[in-house]
Amino acid sequence: MKTTNTISILGSTGSIGRQTLEVAEEMELRVAAITANSSVERTEAQARKFKPALAVMTDEAAAKDLAVRLADTGTKVLGGLAALEEAATIPEADTVVTAVVGMVGLKPTLAAIGEKKRIALANKETLVCAGELVMDAADASGAEIIPVDSEHSAIFQCVQGCADRGEIKRLVLTCSGGPFYGMSYEENGSMTRADALKHPNWKMGPKITVDCATLMNKGLEVIEAMRLYRLPLEQVDVVVHRQSIVHSLVEYHDGAVLAQLGTPDMRLPIRYAMTYPKRGVSMAEPLDLLTCPPLTFALPDREAFPCLRLAEEAAKEGGTACAVLNAANEEAVKLFLEDRIGFHDIPCLVAKARECIPVTAAPSLETILEADRAGRELVWKEFE
Ligand code: NDP
Ligand code: MG
């Protein structure tokens with residue numbers, strides 16, 4: 001049944017990382033490497049349980065601490081950002097789960113692709129910033145990229161058997177609407193960090209939860225879908241679906257619309273990324289159509305949630321526009337999570353970065369990294 005036997009998890013202490021370890025345990029997969037930023041205790045516990053050959057902490061002080069704690073084990077400890085690439089290319093792993101948050105995932109993802117690993121891709125920021133480079137690299141090396149993001153996994157499942165992407169009329173991404181659904185722009189402006197962290201259907205890391213509240217998450221997902229399936233913006237739509245049961249849909253030119261449904265549980269797309277092209281058995285709550293709430297669909301409100309519109313505009317412009325958008329958003333969300341800016345400052349800072357930073361077409365990796373730096377710097381300059 002298994003396609004994957006041994007995994008490396010970048011971001012093992014996060015929401016996706018921990019659920020990946022649950023799936024790994026259920027499927028009896030070996031874990032060759034785990035990585036985190038600074039969560040030493042959680043990483044130590046994971047290392048003791050899963051006995052990886054390598055554990056990486058990107059924070060150097062945390063790495064020193066972990067090395068002392070794991071001295072009696074066979075796990076080697078490395079520190080620093082560059083060590084993520086060691087974890088991503090560890091020879092024992094056939095599959096790399098990219099579950100770090102943010103653009104830091106880009107270089108290790110490219111390194112894993114270079115080694116022809118299967119990529120179970122949760123880290124959407126990587127595809128947003130450099131999707132074309134990543135997909136070209138995967139095509140060149142033959143590495144498979146299997147999306148873990150629930151919407152993209154749904155689409156991936158609905159395009160199985162579709163040999164010609166020209167048959168697809170459009171992709172429809174579903175969107176929960178987030179905790180501020182139904183509010184006007186004026187109303188959502190006073191929402192705080194605590195309000196934003198209450199997601200109605202999913203329990204996720206803080207950055208993506210805020211992105212769900214601003215609808216930037218859906219904007220990033222539109223770009224992610226465009227890159228994964230090499231489709232233009234005109235063929236990627238968004239509908240609000242409050243129940244998070246229909247995970248996304250694919251409409252074909254012959255009029256058929258395929259959707260993937262299920263209870264909201266990230267372990268399903270994580271597991272599918274491990275078993276594809278087969279399907280495993282899950283302990284997750286089954287979907288009961290007779291007792292689940294009525295399924296509703298509505299248009300997203302781009303006036304109340306300008307981040308979705310900003311992302312679509314960047315997607316349309318292409319080049320380095322998406323890298324700037326993403327970088328400015330990452331920094332703005334950090335500031336919001338530290339209670340240093342308000343909810344509306346997030347779209348305002350992103351819009352400012354997009355206005356001020358010129359776009360370069362067909363960028364190289366270096367140009368993308370420069371655009372990323374420029375986006376972050378601009379947010380800090382505006383803030384200070
Ligand atoms: P979390 O914040 O829960 O976890 C992030 C992980 O990345 C942690 O292991 C964290 O380590 C590590 N990390 C954080 N900052 C850095 C850094 N600078 N360098 C290296 N490692 C770092 O995030 P999620 O699991 O929610 O999300 C991970 C990715 O998956 C994101 O791109 C998100 O958009 C995507 N995703 C998440 C979903 C979900 O349900 N959570 C659904 C779909 C996509 P530490 O614990 O030490 O901070
Ligand atoms: Mg998603």
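Heads up: the structure comes first, above all this text.
Residues numbered from 1 in each chain as written. Chains lettered and ligands numbered in written order. Predicted model: local features only at pLDDT ≥ 70, side-chain atom pairs only at ≥ 80, totals over all residues. Heavy atoms only, no water.

Some thoughts on the overall build of the protein chain
No. 1: A count of helical and extended segments in the protein chain gives 16 helices and 11 strands.
No. 2: Taking 21 Å as the expected radius of gyration for a compact globule of 384 residues, we find that the protein chain reaches 20 Å, a close match to that expectation.
No. 3: Principal-axis analysis of the C-alpha atoms gives the protein chain an extent of 55 × 50 × 40 Å.
No. 4: Taking all 384 residues of the protein chain together, the buried fraction comes to 56%.
No. 5: Nonlocal contacts in the protein chain, meaning residues at least 24 apart in sequence, comprise 69% of its contacts between residues at least 6 apart. (Helix = DSSP H or I, 4+ residues; strand = E, 2+ residues; numbered from the N terminus. Rg over C-alpha atoms; globule rule 2.2 N^0.38 Å. Buried < 20%, exposed > 50% of the residue type's maximum accessible area, 1.4 Å probe, protein only. Contact = heavy atoms within 4.5 Å.)

Some points on the site of ligand 1
No. 1: Residues in close proximity to ligand 1 total 25 residues, the closest being Thr-13, Ser-38, Ser-39, Glu-125 and Gly-205.
No. 2: In the model, an oxygen atom of ligand 1 is placed 3.2 Å from a nitrogen or oxygen of the Gly-14 main chain.
No. 3: A distance of 2.8 Å separates an oxygen atom of ligand 1 from a polar atom in the backbone of Gly-205.
No. 4: Contact with the protein chains covers 87% of the free accessible surface of ligand 1, which is 900 Å².
No. 5: Counting residues per element, the ones that place at least two in the shell around ligand 1 are helix H1 (15-27), helix H6 (124-141) and helix H10 (206-214).
No. 6: Residues that form the shell around ligand 1 fall into these classes: 11 nonpolar, 11 polar and 3 charged. (Near = heavy atom within 4 Å. Polar contact = N/O pair within 3.5 Å; in protein donor to acceptor, adjacent residues only side chain to side chain. Areas by Shrake-Rupley, 256 points an atom, 1.4 Å probe, with all protein chains shown as cover. Nonpolar A, V, L, I, M, F, W, Y, C, P; charged D, E, K, R; others polar.)

A word on empty space enclosed by the protein
No. 1: If you walk through the whole model with that rule in mind, you get 2 cavities of 30 Å³ or more.
No. 2: In this structure, the largest cavity is lined by Ser-150, Ser-153, Gln-157, Trp-202, His-247, Gln-260, Thr-263, Asp-265, Leu-268 and Pro-269.
No. 3: Of all the secondary structure elements, the ones that give two or more residues to the lining of the largest cavity are helix H7 (150-158) and helix H12 (267-275).
No. 4: Top element by residues in the lining of the largest cavity is H7. It accounts for 3 residues.
No. 5: Across the lining of the largest cavity, the residue classes tally to 3 nonpolar, 6 polar and 1 charged. (1 Å grid on protein atoms, 1.4 Å probe; cavity = no way out; pocket = protein on both sides within 12 Å on 5 of 7 lines; lining within 4 Å. Points joined across faces, edges and corners; volume = space filled by probe spheres on them.)

A closer look at the sheet that holds strand E8 (residues 168-175)
Strands in a sheet are paired, the pairing made by backbone hydrogen bonds, and the direction either parallel or antiparallel.
No. 1: If you walk across this open sheet you meet the 4 strands as E9-E8-E10-E11, and the pairing is mixed. Both edges of this open sheet fall to strand E9 (236-240) and strand E11 (257-261), since each of them pairs with a single strand only. Each neighbouring strand pair of the sheet contributes to a mean axis angle of 20°, computed without reference to strand direction.
No. 2: For E8 and E9, the ladder comprises 5 bridges, and the chain directions are parallel. Looking at the pairing, Thr-174 lines up with Val-239 of E9. (Pairing = 2+ DSSP bridges. Axes fitted to C-alpha atoms, helices over the stretch in contact; angles between N-to-C directions.)

A short note on the sheet that holds strand E5 (residues 95-98)
No. 1: Read across the sheet, 7 strands follow the order E4-E3-E2-E1-E5-E6-E7 without closing on themselves; strand pairing throughout is parallel. Two strands close off the open sheet at either side, each with one partner strand: strand E4 (76-79) and strand E7 (145-147). Strand-to-strand twist in this sheet, taken as the mean axis angle between neighbours without regard to direction, amounts to 20°.
No. 2: Where strand E3 (residues 54-57) meets E4, 4 bridges bridge the pair, whose relative direction is parallel. The partner of Ala-55 across the bridge, within E4, is Val-77.

Details of the nonpolar core
No. 1: In terms of nonpolar packing, the biggest core is built from 125 residues, with Ile-145, Leu-171 and Leu-325 touching the most fellow members.
No. 2: The element that contributes the greatest number of residues to this core is helix H14 (residues 321-337), accounting for 11 residues. (Core = buried A, V, L, I, M, F, W, Y, C linked by side-chain atoms within 4.5 Å.)

Re the environment of Ala-33
No. 1: For Ala-33, the location among the structural elements is in strand E2 (residues 30-36).
No. 2: Distance from Ala-33 to Ala-88, taken between C-alpha atoms, is 8.1 Å for residues 55 residues apart in sequence.
No. 3: When near neighbours in sequence (up to four residues on either side) are disregarded, Ala-33 contacts Ile-7, Ser-8, Ile-9, Pro-52, Leu-54, Ala-87 and Ile-90.

Side note on the state of the cysteines
Throughout this description, disulfide means a covalent bond between two cysteine sulfur atoms.
No. 1: Using the criterion set out here, one finds 0 disulfides in the structure.
No. 2: Of the cysteine sulfurs around Cys-129, a residue in no disulfide, the closest is that of Cys-322, at 8.3 Å. (Disulfide = S-S within 2.5 Å.)

Description of the packing of aromatic side chains
No. 1: Here the structure, examined in full by the defined rule, presents 6 aromatic pairs.
No. 2: Both rings, one in Tyr-272 and one in Tyr-276, keep their centres 5.8 Å apart while their planes meet at 70°; by these two values the pair is edge-to-face. A single burial state applies to Tyr-272 and to Tyr-276, both of which are buried.
No. 3: An aromatic cluster is defined as three or more aromatic residues linked by ring pairs; in this entry it consists of Phe-156, Tyr-272 and Tyr-276. (Phe/Tyr/Trp six-rings, centres within 6.5 Å; stacked < 30°, edge-to-face > 60°.)

Some points on the pairing of strand E1 (residues 6-10)
Taken residue by residue, a regular strand's side chains alternate between the two faces of the sheet.
No. 1: Counting buried positions along E1 yields 5 of 5 residues, so the element is predominantly enclosed.
No. 2: The two faces of E1 match: Thr-6, Ser-8 and Leu-10 on one face and Ile-7 and Ile-9 on the other face are all buried.
No. 3: Inspection of the sheet shows E1 paired to E2 by 5 bridges, in the parallel sense. Note that in E2 the partner of Thr-6 across the bridge is Arg-30.
No. 4: Considered for its hand, the β-α-β crossover made up of E1, H1 and E2 is right-handed.
No. 5: Across 4 bridges, E1 lies against E5 in parallel orientation. (Right-handed = clockwise from strand over helix to strand, strands pointing away.)

Some thoughts on a nonpolar patch on the surface
No. 1: A surface patch of nonpolar side chains, amounting to about 360 Å² of accessible area, comprises Leu-261, Leu-289, Leu-295 and Phe-297.
No. 2: Residue placement: Phe-297 occurs in the loop between H12 and helix H13 (306-317). (Patch = residues over 30% accessible without salt bridge, like charges linked within 9 Å, V, L, I, M, F, W, Y side chains within 5 Å. Salt bridge = Lys/Arg side-chain N within 4 Å of Asp/Glu carboxyl O.)

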